[in-house]
Amino acid sequence: MASTPLPPATAPAQGPTTVVIDLGDRSYDIVIGEGLLDSPDFFSGLPKASKALIVTNTTVGPLYTAKLRQALTPHYKAVLDIELPDGEQYKDWPALNQIFTALLEQAADRKTVLFALGGGVVGDMTGFAAACYMRGVPFVQVPTTLLAQVDSSVGGKTAINHPAGKNMIGAFYQPQRVLCDLTTLDTLPQRELLAGLAEVIKYGPIADTEFFSWLETNLDKLLSRDREALKYAVKRSCEIKAWVVGQDEKESGLRAILNYGHTFGHAIESGLGYGEWLHGEAVGCGMVMAADLSARLGLIDTTTAQRIQALIARAGLPIRGPNLGADRYLELMQVDKKAEGGEIRFVVIGPMGQATMQGAPESLVRDVIAAHTC
Ligand code: NAD
Ligand code: GLY
């Protein structure tokens, strides 16, 4: 599926480091470093506009809006902000509409730049609002969770949830820049850090066995928020995501590997009701289930599946799903975006470091659900 080899890992330079998303005239930089919000310099060179709108939520706003406003003030005549309610359950039409209302009430024109300040929920909604408002205004991602820094802020997938399916309403729409300020992770609750680690771990089995080994060795440093370890993990994750998205921006093939663990995971999230389990927790458990499915399909040996499960468990993530009943899992998984003609398709590993997408006999899927639910 991949046509170019994954670029080798390199040690991050001192100070901020940049990963480029290469998409022709929609290319952009992901800047990773400490204290980015403290300097207006990182916000220069964006499309010119008189207004900027910071979109954040009621948790992140009080922590970081003032800093971001200060960094943006030299670049815009007016810096506006809006705080959305916090939570996956608010990744919906009413919250999205709040962004449109704020833009319209402030007479925002089509040059207005939106800044998504927060985790993946804020990022996905702000990106979707930017894609829709006046048929498209520029936006910048300022991710403040580990999950958003390593995954959701990168690659231009934007969406809201529908009660019948997660991320079902959305658009591909690339940001102008991604600014990952590692300092913002200091205030992140530990449970959210662990959820972010799920998306970091994902990159090993699907693309990079060396990175998986690095994670096995350095997990304790990540759990204790060692800045250098976090910087390396964010950089390597973004490099792998950039490599995938650069080859398949709109998910006609390869990009689907980024959904490893997500078929089972989305079923857990929507089956329990959004916000019950964190997205990363559901993905972590989903990766355990998808690794087991890969072993049952004969694509990896059980030792490899257990190795993946062991790292996920060490990261403090759940490895057993809720007992929704196999029928309900199957029903929910049919709504997954990867399903084709009613057939559920799974990202499977085989060999370690490579992933493909395929269907699986229902009996095997039922066996996996039985083996990995409470
Ligand atoms: P989130 O956005 O809900 O943030 C998690 C929690 O941490 C929230 O309560 C938030 O207010 C809080 N928070 C954020 N930054 C903080 C900080 N620095 N200090 C203290 N608290 C902070 O969740 P998330 O895990 O960042 O993102 C999950 C979402 O991302 C899901 O909706 C998922 O579907 C989406 N996602 C999208 C993509 C994509 O490619 N677009 C990829 C992966 C996940
Ligand atoms: N997180 C899945 C993707 O960006 O494609």
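Chemist: Quick one: what's the story with the packing of aromatic side chains, residue by residue and with numbers?
Modeler: For the structure on display, the rule yields 8 aromatic pairs. Every member of this aromatic cluster is reached through a ring pair, and the members are F43, Y76 and F115. Directly above the ring of Y203 sits K202, whose terminal nitrogen or CZ lies 5.1 Å from the centroid.

Chemist: For the site of ligand 2, give the residues involved together with the corresponding values.
Modeler: In the vicinity of ligand 2, the contacting residues are D151, K157, K241, E251, R255, L258 and N259. One of the side-chain N or O atoms of D151 is found 3.1 Å from a nitrogen atom in ligand 2. The fraction of the free accessible surface of ligand 2 (200 Å²) that becomes covered by protein chains is 90%. Looking at the shell around ligand 2 residue by residue, the classes come out as 1 nonpolar, 1 polar and 5 charged.

Chemist: Which residues make up the pattern of salt bridges, and what values go with them?
Modeler: Counting across every chain of the model gives 23 salt bridges. Close ionic contact of E199 with K202 constitutes a salt bridge, the shortest N to O distance being 3.0 Å. Of this pair, E199 and K202 both sit in helix α5 (residues 190-207), separated by 3 residues, roughly a single helical turn. No difference in accessibility class separates E199 from K202, as the two residues are buried. Residue R307 pairs with E216 through a salt bridge whose shortest N-O separation is 2.9 Å. Taken together, the residues span a long stretch of sequence, with R307 in helix α10 (residues 302-314) and E216 in helix α6 (residues 209-223) at a distance of 91 residues. A relative accessible area of 32% means that R307 is categorised as partly exposed. Residues joined in a network through salt bridges with shared partners are D151, E199, K202 and K241.

Chemist: Can you explain the pairing of strand β9 (residues 177-181)? Please cite residues and give values.
Modeler: With 5 of 5 residues buried, β9 is to be regarded as a mostly interior element. Inspection of the sheet shows strand β2 (residues 28-33) paired to β9 by 5 bridges, in the parallel sense. Following the sheet pairing, I30 is matched in β9 by V178.

Chemist: I'd like a description of the state of the cysteines, backed by residues and values.
Modeler: In this structure the tally under the stated criterion is 0 disulfides. In this structure C180 is not part of a disulfide, and its nearest cysteine sulfur, from C238, lies 5.0 Å away.

Chemist: An account of α5 is needed here, citing residue identities and associated values.
Modeler: Counted at 1.5 Å a residue, the expected span for α5 with its 18 residues is 26 Å, and the 27 Å between its end C-alpha atoms agrees. With 15 of 18 residues buried, α5 lies mostly within the body of the structure.

Chemist: So what's going on with unusual backbone geometry? Residues and values would help.
Modeler: The residue after G350, namely P351, is reached through a cis peptide bond having omega -5°. Among the structural elements, P351 can be located in the loop between β10 (346-349) and β11 (355-358). For A107, which is not glycine, the phi torsion reads 50° and is therefore positive. Tracing the sequence through the fold places A107 in the loop between α2 (93-105) and β5 (113-118).

Chemist: Account for the nonpolar core, naming residues and giving values.
Modeler: If you look at the biggest cluster of nonpolar residues, it comprises 80 residues, and the most contacted ones within it are L146, F264 and M333. The leading source of residues in this core is helix α7 (residues 227-247), at 11 residues. Setting aside anything within four residues of it in sequence, one finds F264 in contact with G286, M289, A290, L293, Y329, M333, F346, V365, V368 and I369.

Chemist: Give me the lowdown on the packing of helix α11 (residues 326-333) against helix α12 (residues 362-372), citing residues and values where you can.
Modeler: Axis separation between α11 and α12 bottoms out at 10 Å; the angle between their running directions is 120°. Our pair here, α11 against α12, has a crossing hand that is right-handed. Residue-level contacts link A326, D327, Y329, L330 and M333 of α11 to E362, V365, R366 and I369 of α12. Grouping the amino acids of the contact of α11 with α12 by side-chain chemistry returns 6 nonpolar, no polar and 3 charged.

Chemist: Describe in detail the side chain of T126, supporting the description with residues and values.
Modeler: Mapped onto the secondary structure, T126 falls in helix α3 (residues 120-132). Given the relative accessible area of 0%, T126 is considered buried. Within the structure, the side chain of T126 is placed 2.6 Å from the backbone oxygen of V122, a separation counted as a polar contact. Every residue in contact with T126, bar those within four places of it in the chain, is listed here: V55, I99, L114, F115 and A116.

Chemist: Account for the site of ligand 1, naming residues and giving values.
Modeler: In the vicinity of ligand 1 lie 28 residues, with E88, K91, T144, T145 and T187 positioned nearest. At 2.8 Å from an oxygen atom of ligand 1 is found a main-chain nitrogen or oxygen belonging to G120. T187 has a polar side-chain atom sitting 2.7 Å from a nitrogen atom of ligand 1. If ligand 1 stood free it would expose 860 Å²; the protein chains cover 91% of that surface. Those elements giving two or more residues to the shell around ligand 1 turn out to be α1 (60-72), α3, α4 (146-152), β8 (165-172) and α5. A per-class count over the shell around ligand 1 returns 7 nonpolar, 11 polar and 10 charged.

The rules we used
Residues numbered from 1 in each chain as written. Chains lettered and ligands numbered in written order. Predicted model: local features only at pLDDT ≥ 70, side-chain atom pairs only at ≥ 80, totals over all residues. Heavy atoms only, no water. Phe/Tyr/Trp six-rings, centres within 6.5 Å; stacked < 30°, edge-to-face > 60°. Lys NZ or Arg CZ within 6 Å of the ring centre and 35° of its normal. Near = heavy atom within 4 Å. Polar contact = N/O pair within 3.5 Å; in protein donor to acceptor, adjacent residues only side chain to side chain. Areas by Shrake-Rupley, 256 points an atom, 1.4 Å probe, with all protein chains shown as cover. Nonpolar A, V, L, I, M, F, W, Y, C, P; charged D, E, K, R; others polar. Salt bridge = Lys/Arg side-chain N within 4 Å of Asp/Glu carboxyl O. Helix = DSSP H or I, 4+ residues; strand = E, 2+ residues; numbered from the N terminus. Buried < 20%, exposed > 50% of the residue type's maximum accessible area, 1.4 Å probe, protein only. Pairing = 2+ DSSP bridges. Disulfide = S-S within 2.5 Å. Expected span 1.5 Å × (residues − 1). Core = buried A, V, L, I, M, F, W, Y, C linked by side-chain atoms within 4.5 Å. Contact = heavy atoms within 4.5 Å. Axes fitted to C-alpha atoms, helices over the stretch in contact; angles between N-to-C directions. Left-handed = near helix turned anticlockwise from the far one by under 90°.

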